[in-house]
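Close look at the chain arrangement
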Amino acid sequence: MIFSFRKKKTDTAGQVDFSRLPRHIAIILDGNGRWARRRGLPRTAGHKVGAETFRTIATYCRDIGIEYLTVYAFSTENWKRPREEVETIMSLLKKYLLEAIDTMERDNVRLRFMGDMSPLSDELKGLVDQCNAISQRLTGCLCSICINYGGRAELVHAARQFAEDCRVGLVKPSDLTEEMLSGYLYSEGIPDPELLIRPGGEQRLSNFLLWQCAYTEFYSTDVLWPDFKKENLLEAIAAYQRRDRRYGGV
Ligand code: FPP
């Protein structure tokens, strides 16, 4: 895949070794509200720009050869936000999915959804199903959007499924291994992220991919998500590549 920064040789791109990129990058989309407040705009304006940023960064990840991108778009706790804000986020998701249905085949970007979709509107659930069906035919970068997602809720969901499989005699409690438990998660079949990026300056995991991030390198930046550019992604990748990952060894 041709990669424009390689040609331009910007400083940041120069620090990245494109032959050993992380396979899977996860991002907590944070800072939309502050971005809007600093401009005297309603919080929803930040989400609108944040959705565009997501599109740009997802396409760029595909361009440089990232195999998996997972983003935290809406948590199980985000329902507590004002109704207007929740509605705006849901309508942005709808807009994004409608556009994706038209373009994902051409772009060869697969979409997947992680979380409990049951409280979503029937319309949104229908779009999610359509995106899943199109993705089955594609092979490109797998972009997972976490909606109504919480890491603990995901583990509870997995535990219930496993208990049910025990009850019907498919497996025994003593069969359970780490690999088997991973197979009960929403992220089944996706390797754990090597890099988790949190824009917006906070240093928290916020209930995101608790199981999957056991050995993930965490990178936080003060840049707010709507301001996040390709260069910021490259900075995060360069920082990740400078780290010494030992997995508990020496
Ligand atoms: C966090 O910023 C952002 C969210 C809770 C919503 C993210 C949703 C989108 C960008 C829209 C749709 C997404 C896709 C993938 C198309 P915040 O509001 O918590 O910011 P703050 O910490 O500055 O208040």
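Scroll up for the structure.
Presented here is a report on the structure given in the accompanying data block.

Calculation rules
Residues numbered from 1 in each chain as written. Predicted model: local features only at pLDDT ≥ 70, side-chain atom pairs only at ≥ 80, totals over all residues. Heavy atoms only, no water. Buried < 20%, exposed > 50% of the residue type's maximum accessible area, 1.4 Å probe, protein only. Helix = DSSP H or I, 4+ residues; strand = E, 2+ residues; numbered from the N terminus. Near = heavy atom within 4 Å. Polar contact = N/O pair within 3.5 Å; in protein donor to acceptor, adjacent residues only side chain to side chain. Areas by Shrake-Rupley, 256 points an atom, 1.4 Å probe, with all protein chains shown as cover. Contact = heavy atoms within 4.5 Å. Pairing = 2+ DSSP bridges. Axes fitted to C-alpha atoms, helices over the stretch in contact; angles between N-to-C directions. Core = buried A, V, L, I, M, F, W, Y, C linked by side-chain atoms within 4.5 Å.

Counting buried residues in strand 1 (residues 24–28) gives five out of five residues, a clear majority hidden from the surface. Here strand 1 shows a buried face lined by H24, A26 and I28 and a second buried face lined by I25 and I27.

Looking now at the site of the ligand. Near the ligand lie 17 residues; those nearest to it are L29, D30, R34, R43 and R81. One nitrogen or oxygen atom from the side chain of D30 is found 3.0 Å from an oxygen atom belonging to the ligand. G31 is positioned with one of its backbone polar atoms (N or O) 3.3 Å from an oxygen atom of the ligand. Burial of the ligand by the protein amounts to 93% of the accessible area it has alone, namely 630 Å². Of all the secondary structure elements, the ones that give two or more residues to the shell around the ligand are helix 3 (32–37), helix 4 (43–64) and helix 5 (83–107).

A word on the environment of H47. Structurally, H47 is set in helix 4. The buried category is assigned to H47, whose relative accessible area is 8%. Each C-alpha atom, one on H47 and one on A36, is 8.4 Å from the other, the two residues being 11 residues apart in sequence. Look past the residues within four positions of H47 in its chain and what remains in contact with it is N32, R81, E85, I89 and L92.

On the basis of which strands lie adjacent, the open sheet formed by six strands has the order 3-4-2-1-5-6 and parallel pairing. The open sheet terminates on both sides in strands that have one partner only, identified here as strand 3 (110–114) and strand 6 (217–220). On average, adjacent strands in this sheet sit at an angle of 20 degrees to one another, irrespective of strand direction. Inspection of the sheet shows strand 5 (residues 195–198) paired to strand 6 by four bridges, in the parallel sense. Within the sheet, the bridge partner assigned to R198 lies in strand 6 and is S220.

Of all hydrophobic cores here, the largest spans 51 residues; its most connected members are L111 and L233. With nine residues, the top contributor of residues to this core is helix 5. Core analysis: the second largest hydrophobic core is formed by 11 residues, A26, Y149, L196 and F208 among them.

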